[in-house]
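The chain contents come next:
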Amino acid sequence: SQAAGDTHLLVDVLWERSLLEFAQGKLNKVMETCQTARRFAEDYKNRSGRRLPIMGYIYERMGAVLLEWNDLEAAEQYAREGVALCQKWGNADALVNSSFCLARILLAKGGLDDALNVMQGISHLVSNLGTWHTLTAQAIEARIRFLQRDVTAVTRWAEAAGLSSKDKVHLENISLYIILTRHLIRENKLYEALDLLSRLLEIAEASGGMGVVVRVLALKATALQVAG
């Protein structure tokens with residue numbers, strides 16, 4: 001892409017690489033990749049006088065890393081920039097992904113209503129994009145209800161999604177079962193939660209998804225603490 005002078009596709013490839021690095025837990029590498037994309041995008045802007053809307057993907061990923069580093073103000077700034085660029089682009093997939101990131105950041109800041117508003121604002125797009133986006137949206141909204149301590153709503157969500165701690169879990173829907181595990185811990189169903197966490201850990205480790213491994217281990221520590 002670089003040899004062909006196709007900056008749009010180059011930024012897209014760099015974003016895909018940043019997703020892989022993020023899943024591996026290599027956050028410094030993610031930021032390096034994103035900064036590389038920014039340099040190419042700035043060069044494109046200097047030559048053409050136009051911004052690349054696909055950079056919304058890159059700002060979304062930078063926001064996700066800053067969220068992990070707990071730099072919430074900067075994370076929100078980049079995520080909102082990502083959403084704005086993706087809206088300008090008009091790509092539904094990009095807009096939904098950047099909105100997912102913004103909602104997670106707002107959750108971390110305690111803005112539960114703001115996060116819910118973001119999710120409701122893209123609900124008409126999510127249903128048209130396919131299973132992965134639908135499952136991710138469901139997981140984020142369940143997380144919001146969980147933090148609102150709406151136990152009944154989370155139970156209804158798990159039942160409606162057909163989730164059980166005995167299910168065979170796949171990597172693409174593991175985020176849903178992480179939410180389910182949080183719910184099981186809160187309900188004091190600790191043996192059930194620990195059994196599910198052990199299986200989630202096996203899947204995450206086998207895939208090399210160290211970001212998920214860290215989250216699962218943190219939840220396992222929480223469950224063990226509650227269990228005494």
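All residue numbers here refer to positions counted from 1 along the written sequence of the relevant chain. Predicted model: local features are reported for residues with pLDDT of at least 70 only, side-chain atom pairs are reported and counted for 80 or more only, and whole-chain, interface and lining totals are derived from all residues. Side-chain numbers come from the whole structure's heavy atoms, not from hydrogens or water.

Caption draft 1: Empty space enclosed by the protein, seen in detail. Put simply, the grid is 1 Å and covers the protein atoms alone, a cavity is a trapped set of points that fit a 1.4 Å probe, a pocket is an open set with protein on both sides within 12 Å along at least five of seven lines, and lining residues have an atom within 4 Å of a point. Grid points are joined across faces, edges and corners, and a volume is the space filled by probe spheres set on the points. Scanning the model with the defined rule gives one cavity of 30 Å³ or more in all. If you add up the space inside the largest cavity, you get close to 90 Å³. Mapped by element, the contributors of at least two residues to the lining of the largest cavity are helix 2 (27-48) and helix 3 (55-68). For the lining of the largest cavity, the element with the most residues is helix 2, which contributes four residues. Under the grouping applied here, Gly and all other residues not named as nonpolar or charged are polar, the nonpolar ones being Ala, Val, Leu, Ile, Met, Phe, Trp, Tyr, Cys and Pro and the charged ones Asp, Glu, Lys and Arg. Residue composition of the lining of the largest cavity, grouped by class: four nonpolar, no polar and four charged. Secondary structure follows DSSP: runs of H or I at least 4 residues long count as helices, runs of E at least 2 residues long count as strands, and numbering of each begins at the N terminus.

Caption draft 2: Spatial organisation of the packing of aromatic side chains. Aromatic pairs are defined between Phe, Tyr and Trp rings, using the six-membered ring for Trp, whenever the two ring centres lie within 6.5 Å; interplanar angles under 30 degrees are classed as stacked, those over 60 as edge-to-face, and all others as tilted. Applying the stated criterion across every chain, the model contains three aromatic pairs. Seen from their ring centres, tryptophan 15 and tyrosine 57 are 3.7 Å apart, and the 10° between their planes marks the pair as stacked. Here the residue tryptophan 15 occupies a position in helix 1 (residues 7-23), and tyrosine 57 occupies one in helix 3, the gap between them amounting to 42 residues. For the pair formed by tryptophan 15 and tyrosine 57, the shared burial category is buried. Seen from their ring centres, tyrosine 59 and tyrosine 78 are 5.7 Å apart, and the 20° between their planes marks the pair as stacked. A residue pair is termed long-range when its members are at least 10 positions apart, and tyrosine 59 in helix 3 and tyrosine 78 in helix 4 (residues 72-89) qualify at 19 residues. Buried residues are those whose accessible area, probed at 1.4 Å on protein chains only, stays under 20% of the maximum for their type, while exposed residues exceed 50% and partly exposed ones sit between those limits. We classify tyrosine 59 as buried; its relative accessible area is 8%. In textbook terms, an aromatic cluster arises when at least three aromatic residues are bridged by ring pairs, as seen for Trp15, Tyr57 and Trp89. Only when the NZ atom of a Lys or the CZ atom of an Arg is both within 6 Å of the ring centre and within 35 degrees of the ring normal do we say a charge sits over the ring. Residue placement shows arginine 61 over the ring face of phenylalanine 22; its charged tip is 4.6 Å from the ring centre.

Caption draft 3: Structural view of helix 12 (residues 210-227). Under the convention used throughout, the expected extent of a helix is 1.5 Å for every residue step, that is, one less than its residue count. Compared with the 26 Å implied by 1.5 Å per residue over 18 residues, the 25 Å span of helix 12 between its first and last C-alpha is a close match. Of all the residues in helix 12, the buried ones are Gly211, Val212, Val213, Val216, Leu219 and Ala223. Contact criterion: two residues are considered in contact whenever any of their non-hydrogen atoms come within 4.5 Å of each other. Turning to helix 12, the residues buried within the fold contact helix 1, helix 10 (174-186) and helix 11 (190-207). Phi turns positive, to about 90°, at glycine 228, one or two residues after helix 12.

Caption draft 4: Spotlight on the packing of helix 1 against helix 3. Axes, fitted as lines to C-alpha atoms, cover a helix only where it is in contact. Angles between the N-to-C directions of the axes lie from 0 to 180 degrees. Interaxial distance between helix 1 and helix 3 falls to 9 Å at its minimum, and their mutual angle equals 20°. The angle between helix 1 and helix 3 falls in the class roughly parallel. For helix 1 against helix 3, the interelement crossing comes out left-handed. Residue-level inspection shows Val11, Asp12, Trp15, Ser18, Leu19 and Phe22 of helix 1 in contact with helix 3, the latter providing Met55, Tyr57, Ile58, Glu60, Arg61, Ala64, Val65 and Glu68. These descriptions rest on fixed angle ranges, namely under 35 degrees for roughly parallel, over 145 for roughly antiparallel, 65 to 115 for roughly perpendicular, and the rest for oblique. Rotating anticlockwise by less than a right angle from the far helix to the near helix defines a left-handed crossing, while the corresponding clockwise rotation defines a right-handed one.

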